[in-house]
Amino acid sequence: MVTLSRSRVVGVALALVAAGAVLYFWPRHEPGVPEAVTRQVITMTRAAEAKDISKVMEGVSERFKTDGGMDSRQVRGILTGQVLRGQWVRIFTTNLEVHEVSPTQGDFQARFIFGRSQAESVKDLAADSVLNAYLIEGTFEKEADGEWRVVRAKYRPLEAAELL
C-alpha cells in the first residue's frame, strides 16, 4: 500500500488546478469571417431541413430586412407556412461564396435547392422530385452577443438551366 504525504497530495492538487487554469484561459481559435458565415449558413440550412423554425430564426437578426422590405417577423411567417405545407423534404446549398467585408461582416451568395424527396444528392433530387431553387445573396454580421446573424438578404428564383 502506497501512502502519500500531505505535501505530495497538495502538490498534485495544485498541479491539477494549474493545468485546469491553463486550459481554461488558453486562447481559443476564433474562426475567420468566411468560416463563421459558412458554418451559420450550414446550421440554418440543416435546421430548415429539420423544420426547426426557431433554430433557423436564431441566425436571423432582429434588424433583418430584405430588398423587398420584409423583416424577420415576416420571414418567420413564410418559413412556418412552408413547413406546415410540407412542400420540401431536402435542402441543398450549392455554390456558397463568402467574402469578408470587415472582421464583423461578411457577404454571401449561395444557391438553395428545395426538393420533395429523400434524395441524398442534388443529381438524385433533380431526377425524382419536384424542386424549387433560389439564388440568395445577403450579409451576415457578428452581433453584440458574439453570434453571426443575417441582417440583409435578397433572392430570386433559379431556372432549371441555372442549376447545372
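Please refer to the structure placed before this passage.
Given the structure is predicted, the values throughout are model-derived calculations rather than measurements.

## Quick look at the nonpolar core
Line of reasoning, step 1. The biggest cluster of nonpolar side chains holds 25 residues, and the ones touching the most others in it are V37, F108, F140 and V150.
Line of reasoning, step 2. Looking at this core, the elements that each hand over two or more residues are helix 2 (33-49), helix 3 (53-57), strand 1 (60-66), helix 4 (72-85), strand 2 (90-102), strand 3 (105-115) and strand 5 (148-157).
Line of reasoning, step 3. Examining the composition of this core, we find that seven residues originate from one element, helix 2, more than from any other.
Line of reasoning, step 4. Once residues lying within four places of it in the same chain are set aside, the contact partners of F108 are V37, L96, E97, V98, I136, E137, G138, T139, F140 and V150.
Line of reasoning, step 5. In terms of nonpolar packing, the next biggest core, distinct from the first, is built from five residues, I113, A133, L135 and L158 among them.

## Focus: the pattern of salt bridges
Line of reasoning, step 1. If you walk through the whole model with that rule in mind, you get eight salt bridges.
Line of reasoning, step 2. A salt bridge links K55 to E58, with the nearest nitrogen and oxygen atoms 3.7 Å apart.
Line of reasoning, step 3. On the accessibility criterion, K55 (35% relative accessible area) is partly exposed.
Line of reasoning, step 4. Salt-bridge contacts for D145 lead to R149; the nearest nitrogen and oxygen are separated by 2.9 Å.
Line of reasoning, step 5. R149 sits in the buried class, given a relative accessible area of 15%.
Line of reasoning, step 6. Residues participating in the shared-partner salt-bridge network are R63, E141, E143, D145 and R149.

## Things to note about the pairing of strand 4 (residues 131-142)
Line of reasoning, step 1. Here 11 bridges tie strand 3 to strand 4, and the two strands are oriented antiparallel to one another. If you follow F108 over to strand 4, its bridge partner there is G138.
Line of reasoning, step 2. Examined bridge by bridge, strand 4 and strand 5 share nine bridges and lie antiparallel to one another. Paired with Y134 across the two strands is P157, which belongs to strand 5.
Line of reasoning, step 3. Following strand 4, the chain reverses through five residues before pairing antiparallel with strand 5; G146 in that reversal takes a positive phi of roughly 90°.

Definitions and limits used
Residues numbered from 1 in each chain as written. Predicted model: local features only at pLDDT ≥ 70, side-chain atom pairs only at ≥ 80, totals over all residues. Heavy atoms only, no water. Core = buried A, V, L, I, M, F, W, Y, C linked by side-chain atoms within 4.5 Å. Buried < 20%, exposed > 50% of the residue type's maximum accessible area, 1.4 Å probe, protein only. Helix = DSSP H or I, 4+ residues; strand = E, 2+ residues; numbered from the N terminus. Contact = heavy atoms within 4.5 Å. Salt bridge = Lys/Arg side-chain N within 4 Å of Asp/Glu carboxyl O. Pairing = 2+ DSSP bridges.

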